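For reference, the chains in residue letters:
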Amino acid sequence: MKILLIEDDQRLARLIARVLRDEHHQVDVVHDGDAGQEHALRGIYEVAIIDWMLPGRDGPSICRAVRAARLPTALLLLTARGQIEDKMVGFDSGADDYLVKPFAFEELLARVRALGRRFTLQPDDRDELRVGDLVLDLRHHTARRGARPLDLTPTEWNLLEYLMRNAGQALSRQQILDYVWSYEHDVQPQMVDVYIAYLRRKLNAPGERDPIVTVRGVGYRLEESRV
């Protein structure tokens, strides 16, 4: 899953991000509320983990903004506030779950998994993505075309995942940049073309049709691929 973490405690943020990445999630980390809301409103995250107290906008205000934008992102609030009244404020702001600090990382992972099952950018997806003979196994983090396994780098995986989640749609280079390199501000649009070329070399064996279509003046579109 693609997860946004908004947490101003940088040590805790590093720990949470490492735990999530060990589970093969793609994690973007932001340390203040204003930048956090800007990222959240991009609409590219399945789950956002949001601290309540932040510099700038607080967690509940970010939740309200995401809900006002009608985005499908699942929202998990982190806070030291454990009173019923505080939880009511959090849920009323649009949060889907609420975790009180300090917490066990095992519980955080369990809640993220549960939210990922309930909320997804493509509701039919559960443990894998399928487009034609392309398969991404999200649980075991494996990829294949037909019976042939695909050895993908993390960036190639994220690129293919985004194309598969939006199969049949023309995606601009900027849209792809926002998803795959969302927290790297110095990446140029040409990098998309470079990684599309890398991905095509791994997807296409002799005799197989290229499932990635170049859309002139726009970007790329993934179509169903068959041997």
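Residues numbered from 1 in each chain as written. Predicted model: local features only at pLDDT ≥ 70, side-chain atom pairs only at ≥ 80, totals over all residues. Heavy atoms only, no water.

### Brief notes about the overall build of the chain
And then number 1: Of regular secondary structure, the chain possesses eight helices and 12 strands.
And then number 2: Relative to a compact globule of 227 residues, whose C-alpha radius of gyration would be 17 Å, the chain shows 18 Å and is just as compact.
And then number 3: Taking the principal axes of its C-alpha atoms as reference, the chain extends roughly 60 × 35 × 30 Å.
And then number 4: Across the 227 residues that make up the chain, the buried fraction comes to 48%.
And then number 5: Pairs at least 24 residues apart make up 57% of the contacts formed inside the chain by residues separated by at least 6 positions.
And then number 6: Here the chain displays about 11,300 Å² of accessible surface, and carbon together with sulfur accounts for 49% of that area. (Helix = DSSP H or I, 4+ residues; strand = E, 2+ residues; numbered from the N terminus. Rg over C-alpha atoms; globule rule 2.2 N^0.38 Å. Buried < 20%, exposed > 50% of the residue type's maximum accessible area, 1.4 Å probe, protein only. Contact = heavy atoms within 4.5 Å. Areas by Shrake-Rupley, 256 points an atom, 1.4 Å probe, with all protein chains shown as cover.)

### Side note on the pattern of salt bridges
And then number 1: Counting across every chain of the model gives 18 salt bridges.
And then number 2: A salt bridge links glutamate 156 to lysine 202; the nearest nitrogen and oxygen atoms lie 2.7 Å apart. Taken together, the positions of glutamate 156 in helix α6 (residues 154-165) and lysine 202 in helix α8 (residues 190-203) put the pair 46 residues apart, joining distant regions of the chain.
And then number 3: Look at lysine 202 and you get partly exposed, because its relative accessible area is 29%. (Salt bridge = Lys/Arg side-chain N within 4 Å of Asp/Glu carboxyl O.)

### Notes on the environment of aspartate 51
And then number 1: Mapped onto the elements, aspartate 51 comes out in strand β3 (residues 47-51).
And then number 2: The spatial distance from the C-alpha of aspartate 51 to the C-alpha of glutamate 23 is 21 Å, given a sequence separation of 28 residues.
And then number 3: Sequence-distant contacts of aspartate 51, that is, excluding residues within four places in its chain, are made with Ile6, Glu7, Asp8, Gly59, Leu77, Leu78, Thr79 and Lys101.
And then number 4: At a separation of 3.0 Å, a polar atom in the side chain of aspartate 51 contacts the side chain of lysine 101. (Polar contact = N/O pair within 3.5 Å; in protein donor to acceptor, adjacent residues only side chain to side chain.)

### Regarding the UniProt feature "modified residue: 4-aspartylphosphate" (unreviewed entry) in the chain
And then number 1: Feature annotation in UniProt places "modified residue: 4-aspartylphosphate" (unreviewed entry) on Asp51, given in this structure's numbering.
And then number 2: A relative accessible area of 5% means that aspartate 51 is categorised as buried. (UniProt positions renumbered as here; feature names shortened; annotations may be inferred.)

### Focus on the sheet that holds strand β10 (residues 171-172)
And then number 1: Taken together, three strands build an open sheet; the order of strands is β10-β12-β11 and the sheet is antiparallel. A single partner strand is all that each edge strand has here, and the edge strands are β10 and β11 (212-215).
And then number 2: One ladder, built from two bridges, connects β10 with strand β12 (residues 219-222); its direction is antiparallel. Across the sheet, residue leucine 171 finds its bridge partner in β12, namely tyrosine 220.
And then number 3: The strands touched by α8 are β11 and β12; relative to β11, the strand with the most contacts, the crossing angle is about 150°. (Pairing = 2+ DSSP bridges. Axes fitted to C-alpha atoms, helices over the stretch in contact; angles between N-to-C directions.)

### What about the domain arrangement of the chain?
And then number 1: Taken domain by domain, the chain comprises domain 1 (2-119) and domain 2 (128-222).
And then number 2: A C-alpha centroid distance of 27 Å is found between domain 1 and domain 2.
And then number 3: Listed as interface residues are 11 residues of domain 1 and, on the opposing side, nine residues of domain 2.
And then number 4: With both sides pooled, the region where domain 1 packs onto domain 2 buries about 910 Å², and carbon together with sulfur makes up 46% of that total.
And then number 5: In this assembly, domain 1 and domain 2 are joined by one salt bridge.
And then number 6: Here arginine 165 makes a salt bridge to glutamate 46, at a shortest N to O gap of 3.2 Å. (Domains from an automatic or database assignment. Buried area = accessible area lost by both parts, 1.4 Å probe.)

### Some thoughts on the packing of α6 against α8
And then number 1: Taken N-terminus to C-terminus, the directions of α6 and α8 make an angle of 85°; their axes are 10 Å apart at the nearest point. Between α6 and α8, the angle is such that the two are roughly perpendicular. On α8, the residues touching Thr155, Glu156, Leu159, Leu160 and Leu163 of α6 are Tyr195, Ile196, Tyr198, Leu199, Lys202 and Leu203.
And then number 2: When grouped by side-chain class, the residues that make up the contact of α6 with α8 number eight nonpolar, one polar and two charged. (Parallel < 35°, antiparallel > 145°, perpendicular 65-115°, else oblique. Nonpolar A, V, L, I, M, F, W, Y, C, P; charged D, E, K, R; others polar.)

### Here's the deal with the environment of valine 89
And then number 1: Mapped onto the secondary structure, valine 89 falls in helix α4 (residues 84-92).
And then number 2: Its relative accessible area of 41% is what places valine 89 among the partly exposed residues.
And then number 3: Distance from valine 89 to aspartate 28, taken between C-alpha atoms, is 26 Å for residues 61 residues apart in sequence.

### Quick notes on the sheet that holds strand β1 (residues 2-6)
And then number 1: Taken in spatial order, the five strands make up an open sheet running β2-β1-β3-β4-β5, and their pairing is parallel. Either end of the sheet is taken by a strand with one partner, and the two such strands are β2 (26-30) and β5 (97-100). Adjacent strand axes in the sheet meet at a mean angle of 20° when their direction is disregarded.
And then number 2: Sheet topology places β3 next to strand β4 (residues 74-79); five bridges connect them, and they run parallel.

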